[in-house]
Amino acid sequence: MKQSELDKILADHAEWLKDSTRGKMARLAGAYLHRADLTGADLVGAHLARAYLTGADLARAYLDGATDLPDYIQSITRITPESGAFEAWKACKDGVLVRLSIPADARRSNSTGRKCRAEFVDVIEVIGADVGINGTHKSRLTEYRVGERVHCHEWDDDWREECAGGIHFFMTRYEAEQWKT
């Protein structure tokens with residue numbers, strides 16, 4: 001499929017997402033999208049079964065509710081290790097950073113972006129305060145203290161949903177420092 005055709009489908013899909021009486025849902029099942037530019041595409045609810053996406057740029061693509069996603073999408077967007085413990089970084093309120101250990105037995109996930117989630121984490125270091133605090137007026141506050149294990153309030157296994165339940169973190173300190181809480 002030519003990029004111009006894909007751009008038209010994506011524009012129609014964006015319009016459909018705003019108002020289902022306008023635009024048209026993206027039906028890309030079986031589409032040949034080799035090296036297609038899907039950067040930042042909002043593919044909520046799109047049909048992607050058997051779509052050939054090898055080499056497609058899916059950076060920041062939003063796939064919540066997209067149906068029949070090819071295994072390829074999950075394989076190229078995974079940045080969290082499938083097994084074993086690893087270290088990561090969390091941004092908290094007031095510029096506080098938290099260095100975390102993601103235990104080997106914690107469920108972990110990430111969508112197509114760089115933000116990741118874990119079911120629970122161990123706090124290694126808090127930088128900029130004694131306690132890292134995170135949360136919004138809509139969610140419970142979570143505190144991060146050195147030496148403690150922190151569990152998420154509600155875990156969600158859906159890897160496509162970047163902001164689903166879990167302890168959110170980044171793989172690098174730089175990314176956490178850039179995040180605005």
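Each value, and the rule that gives it
Residues numbered from 1 in each chain as written. Predicted model: local features only at pLDDT ≥ 70, side-chain atom pairs only at ≥ 80, totals over all residues. Heavy atoms only, no water. Helix = DSSP H or I, 4+ residues; strand = E, 2+ residues; numbered from the N terminus. Buried < 20%, exposed > 50% of the residue type's maximum accessible area, 1.4 Å probe, protein only. Salt bridge = Lys/Arg side-chain N within 4 Å of Asp/Glu carboxyl O. Pairing = 2+ DSSP bridges. Axes fitted to C-alpha atoms, helices over the stretch in contact; angles between N-to-C directions. Core = buried A, V, L, I, M, F, W, Y, C linked by side-chain atoms within 4.5 Å. Contact = heavy atoms within 4.5 Å.

Notes on the overall build of the protein chain
In terms of regular secondary structure, the protein chain is built from 3 helices and 9 strands. Its helices and strands in sequence order give the protein chain the pattern α-α-β-β-β-β-β-β-β-β-β-α, from N to C terminus. Taking the principal axes of its C-alpha atoms as reference, the protein chain extends roughly 55 × 35 × 25 Å. Looking at the protein chain as a whole, 41% of its 181 residues are labelled buried.

Some words on the pattern of salt bridges
Under the defined criterion, the tally for this structure stands at 10 salt bridges. Its salt-bridge partner being Glu15, residue Arg22 comes within 2.9 Å of it at the nearest N-O pair. Judged by its relative accessible area of 23%, Glu15 is partly exposed. Here Glu87 makes a salt bridge to Arg99, at a shortest N to O gap of 3.0 Å. One end of the pair, Glu87, is in strand β1 (residues 86-91); the other, Arg99, is in strand β2 (residues 97-102), and 12 residues separate them in sequence. Here Glu87 falls in the partly exposed class, since its relative accessible area comes to 45%. Through salt bridges with shared partners, a single network forms among Glu87, Arg99 and Glu125.

Structural notes on the sheet that holds β2
Taken together, 4 strands build an open sheet; the order of strands is β1-β2-β5-β8 and the sheet is antiparallel. Bordering the open sheet on either side are β1 and β8 (149-151), each of which pairs with just one other strand. When the angles between neighbouring strand axes are averaged without regard to direction, this sheet yields 40 degrees. Sheet analysis places β2 next to strand β5 (residues 120-127), joined by 5 bridges and oriented antiparallel. Each bridged residue has a counterpart across the sheet, and for Arg99 the counterpart in β5 is Glu125.

Overview of the sheet that holds strand β4 (residues 116-118)
Pairing is antiparallel across the open sheet formed by 3 strands, whose spatial order is β3-β4-β9. Every other strand in the sheet has two partners, leaving β3 (108-110) and β9 (167-169) as the edge strands with one partner each. Strand after strand, the sheet turns through a mean of 25 degrees between neighbouring axes, direction not considered. Across 3 bridges, β3 lies against β4 in antiparallel orientation. When the sheet's bridge partners are listed, Ser109 is paired in β4 with Arg117.

Looking at the nonpolar core
Counting residues in each nonpolar core, the largest one holds 22 residues, and the members touching the most others are Leu33, Leu38, Leu48, Leu63 and Ile73. Residues in contact with Leu33, not counting those within four places in the same chain, are Met1, Leu6, Leu28, Ala51, Tyr52, Leu53 and Ala56. Residues Ala106, Ala118, Val121 and Ile167 belong to the second largest nonpolar core, which totals 20 residues.

Focus on unusual backbone geometry
As a rule of thumb, non-glycine residues mostly have phi less than zero, and peptide bonds are mostly trans rather than cis. You will see that Arg50, though not glycine, has its phi angle at about 60 degrees, which is positive. Residue classification places Arg50 among the exposed residues on the basis of a relative accessible area of 66%. One non-glycine residue with positive phi stands out, namely Asp94, at about 60 degrees. On the basis of relative accessibility, which here comes to 80%, the residue Asp94 falls in the exposed class.

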